[in-house]
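Single-letter residue listing:
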Amino acid sequence: MRKLREVRRVVIFNHCGGRILAWGEGGGHAGRRIARLPFGIKSWRRNGYAGLEAHPPQTTEFEVPLPPHDAIIIGSGPNGLAAAITLARAGKSVLVLERNATVGGSARSAALTLPGFTHDVCSTVQAMAGSSPFFQPLPLLENGLRLVCPATPFAHPLDDGAAAVCERSIDATAAALGGDGESYRRLMQGIFTDWPRLIPMVLGPIRVPTHPLVLARFGLAGMQSACALADRHFRGPHARALFAGAAAHSMLPLHQIGTAAFGLLLIGSAHAGGWPVARGGSQKLADALAAYLQSLGGEIRLNTEVKNMDDLPPARATLWDITPRQFLAVAGHRLTPRYTRTLRRFAYGPGVFKLDWALREPIPWRAEVCRRAGTLHVGGTLEEIAAAEAASWRHEHAEKPFVLLVQPTVFDASRAPAGRHTAWAYCHVPNGSTLDMTQRMEDHDTPDLP
């Protein structure tokens, strides 16, 4: 019914002295006093319309158009599309505005190197896709999405030619960690057992926990720094490096409180879901979300850049899937001075330097297990990774950066011509860095790099 109504009937009662009462059908002023009545608020509350008998009103009736959309969302990245789908599923009319020619934001794909080679602009591994409370109920399979998993979620080559490895099985992972195997099994088995109850609380809105003991158990471990948790549970270099590599996805110094939670959740997701990628590129994930949104009646306009908030069509709500600086540029004149100062003080974290490769053959890793892993964490020991990650927060460039590398064509041949392969890798750099890190990444003193 809401979609069928294009206007709202509003009646204005005009009283002496210019005082007014607005009364309407639905909408913000329906049944609400918006100015003092001539006979006083107490009389109004006590007698309702009776007070109007002593002051007969003159009435004016007119039509006020309803906004064409309940919500306008700026930006079609994963967060913007998720917000649009959530609103559309609730029966709201939604318009998404995207300045690029394709949807997706960080989940886009393009031919960044050679024709026929598909590379992801940013995100590739969808580690939480199989566990996400948002994704699980969506019919993305019917909208063209296929998720594929590597045989091994991730591996961590070390300088001695060996590698630590995270398999789908906790037992198989523990068996390769020697003396740290039993400690790893106890730590991760608890996370894995609690996973179905833990993830909705961790990834969902902040509210009273449905399983407080489960969340408390996770919090006691996750609130530690990654270094502290590794020191407490592991002695050998393999287990310590394996955990550090997962925790370093946080882009935070590994001595910082709370970084253990990143390692626990990412390793837990590897055991629970296998670190899948979208077959054909992350663009397929964005396209599936967009197709589902449109099936719900949502509208998407591409090549539409918003340069001023005042240029937007009317809507009941506007959601901005952009950065604080971008928001200031388009809406600063509509913000309070206090909120403007808050946005200007927003502290950005480190950036990344990314490389994409078109390859004639798979990367010839020395450790055989690395050749079947989807993701490689290349950075040496826990101590070396911690030093590299701390450097970017000191506005320094690590001489031996921690490199996160993905080789998707090992298990998704659709991304490259027959017999060819793709890979991409990135390292963390100081915010605002313009330094070319290609040489440091490709000449990394771990000889396993391509």
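Residues numbered from 1 in each chain as written. Predicted model: local features only at pLDDT ≥ 70, side-chain atom pairs only at ≥ 80, totals over all residues. Heavy atoms only, no water.

This part is about the packing of helix α10 (residues 324–331) against helix α11 (residues 337–344). Their axes nearest at 9 Å, the elements α10 and α11 cross at an angle of 145°. Between α10 and α11 lies a crossing of left-handed hand. Here α10 contributes Pro324, Phe327 and Leu328 to the contact with α11, which in turn contributes Tyr339, Thr340, Leu343 and Arg344. (Axes fitted to C-alpha atoms, helices over the stretch in contact; angles between N-to-C directions. Helix = DSSP H or I, 4+ residues; strand = E, 2+ residues; numbered from the N terminus. Left-handed = near helix turned anticlockwise from the far one by under 90°. Contact = heavy atoms within 4.5 Å.)

Judged by nonpolar contacts, the single largest core of 50 residues is most densely connected at Phe154, Tyr184, Met188, Phe243, Leu254, Leu264 and Ile267. The dominant element in this core, judged by the number of residues it contributes, is helix α4 (residues 181–203), at eight residues. Beyond its immediate sequence surroundings of up to four residues, Leu264 is in contact with Leu187, Met188, Ile191, Phe218, Ala221, Gly222, Leu229 and Phe243. Counting 23 residues, the second-largest nonpolar core is a separate cluster that includes Val165, Ile363, Val429 and Met437. (Core = buried A, V, L, I, M, F, W, Y, C linked by side-chain atoms within 4.5 Å. Buried < 20%, exposed > 50% of the residue type's maximum accessible area, 1.4 Å probe, protein only.)

To continue, consider the pattern of salt bridges. If you walk through the whole model with that rule in mind, you get 19 salt bridges. The closest approach of N and O atoms between Glu383 and Arg240, which form a salt bridge, is 2.7 Å. With Glu383 in helix α12 (residues 382–393) and Arg240 in helix α7 (residues 237–247), the pair connects residues that are 143 residues apart, well separated along the chain. In this structure Glu383 comes out as partly exposed when scored by relative accessible area, which is 45%. With a relative accessible area of 12%, Arg240 lands in the buried category. Close ionic contact of Asp356 with Lys354 constitutes a salt bridge, the shortest N to O distance being 2.6 Å. Classification of Asp356 by relative accessible area gives partly exposed; the value is 22%. Residue Lys354 is classed as partly exposed on the basis of its relative accessible area, which comes to 23%. Put simply, Asp120, Arg279, Asp412 and Arg415 are held in one network by salt bridges that share partners. (Salt bridge = Lys/Arg side-chain N within 4 Å of Asp/Glu carboxyl O.)

Looking at the protein, the pLDDT average stands at 87 and 84% of residues meet or exceed 70. The model gives residues 1–54 a pLDDT under 50, and that stretch makes 93 contacts with residues more than four places away or in other chains. (pLDDT = per-residue confidence, 0-100.)

This part takes up a nonpolar patch on the surface. Residues Leu220, Met223 and Ile257 make up a contiguous nonpolar surface patch of about 370 Å² in total accessible area. Take Leu220: its relative accessible area is 61%, and that puts it in the exposed class. (Patch = residues over 30% accessible without salt bridge, like charges linked within 9 Å, V, L, I, M, F, W, Y side chains within 5 Å. Areas by Shrake-Rupley, 256 points an atom, 1.4 Å probe, with all protein chains shown as cover.)

A complete count under the given rule lists six aromatic pairs for this structure. Measuring from centroid to centroid gives 5.5 Å for Phe134 and Phe135, while their planes differ by 65°, and the two rings are edge-to-face. Residue Phe134 is classed as partly exposed on the basis of its relative accessible area, which comes to 22%. Exposure remark for Phe135: the relative accessible area of 23% places this residue in the partly exposed category. Ring centres of Tyr184 and Phe234 lie 6.4 Å apart, and the angle between their planes is 35°; on these two criteria the pair is classed as tilted. Linking Tyr184 in helix α4 with Phe234 in the loop between α6 (226–233) and α7, this pair joins segments that are 50 residues apart in sequence. Relative accessible area serves as the criterion here: at 2%, Tyr184 is assigned to the buried category. Overall, Phe234 belongs to the buried group, its relative accessible area being 2%. (Phe/Tyr/Trp six-rings, centres within 6.5 Å; stacked < 30°, edge-to-face > 60°.)

With that out of the way, let us pick up the side chain of Thr409. Positionally, Thr409 belongs in the loop between β16 (403–406) and β17 (421–429). Judged by its relative accessible area of 6%, Thr409 is buried. For Thr409, the side chain forms a polar contact with the side chain of His421, separated by 2.9 Å. Those residues in contact with Thr409 that sit more than four places away from it in its chain are Arg415, Ala416, Arg420, His421 and Thr422. (Polar contact = N/O pair within 3.5 Å; in protein donor to acceptor, adjacent residues only side chain to side chain.)

Turning next to the side chain of His377. You can see His377 is positioned in strand β15 (residues 373–378). Every residue in contact with His377, bar those within four places of it in the chain, is listed here: Phe154, Ala155, His156, Pro157, Gly245, Ala246, His249, Trp275, Phe402, Val403 and Leu404.

Right, let's get into the sheet that holds β15. The six strands are arranged β10-β9-β15-β16-β17-β14 in an open sheet whose pairing can be described as mixed. Looking at which strands have only one partner, the edges of the open sheet turn out to be β10 (163–166) and β14 (351–359). Taking the axes of each pair of neighbouring strands and ignoring which way they run, one obtains an average angle of 20° across the sheet. Note that β14 and β17 share nine bridges and pair antiparallel. Bridging from a neighbouring strand, Phe353 pairs with Cys427 of β17. (Pairing = 2+ DSSP bridges.)

Residues Ala163 and Val165 line one face of β10 and the alternating positions Ala164 and Cys166 line the opposite face, and both faces are buried. Relative to β10, strand β9 (residues 152–157) runs antiparallel, the two being bridged by four bridges. What sits directly across from Ala155, in β10, is Val165. Linking β9 back to β10 in an antiparallel pair, the connection comprises five residues, with Gly161 at a positive phi of about 90°.

A few words now on the environment of Ala241. Structurally, Ala241 is set in helix α7. Separated by 144 residues in the primary sequence, Ala241 and Ile385 have C-alpha atoms spaced 8.0 Å apart. Every residue in contact with Ala241, bar those within four places of it in the chain, is listed here: His156, Leu158, Gly380, Thr381, Leu382 and Ile385.

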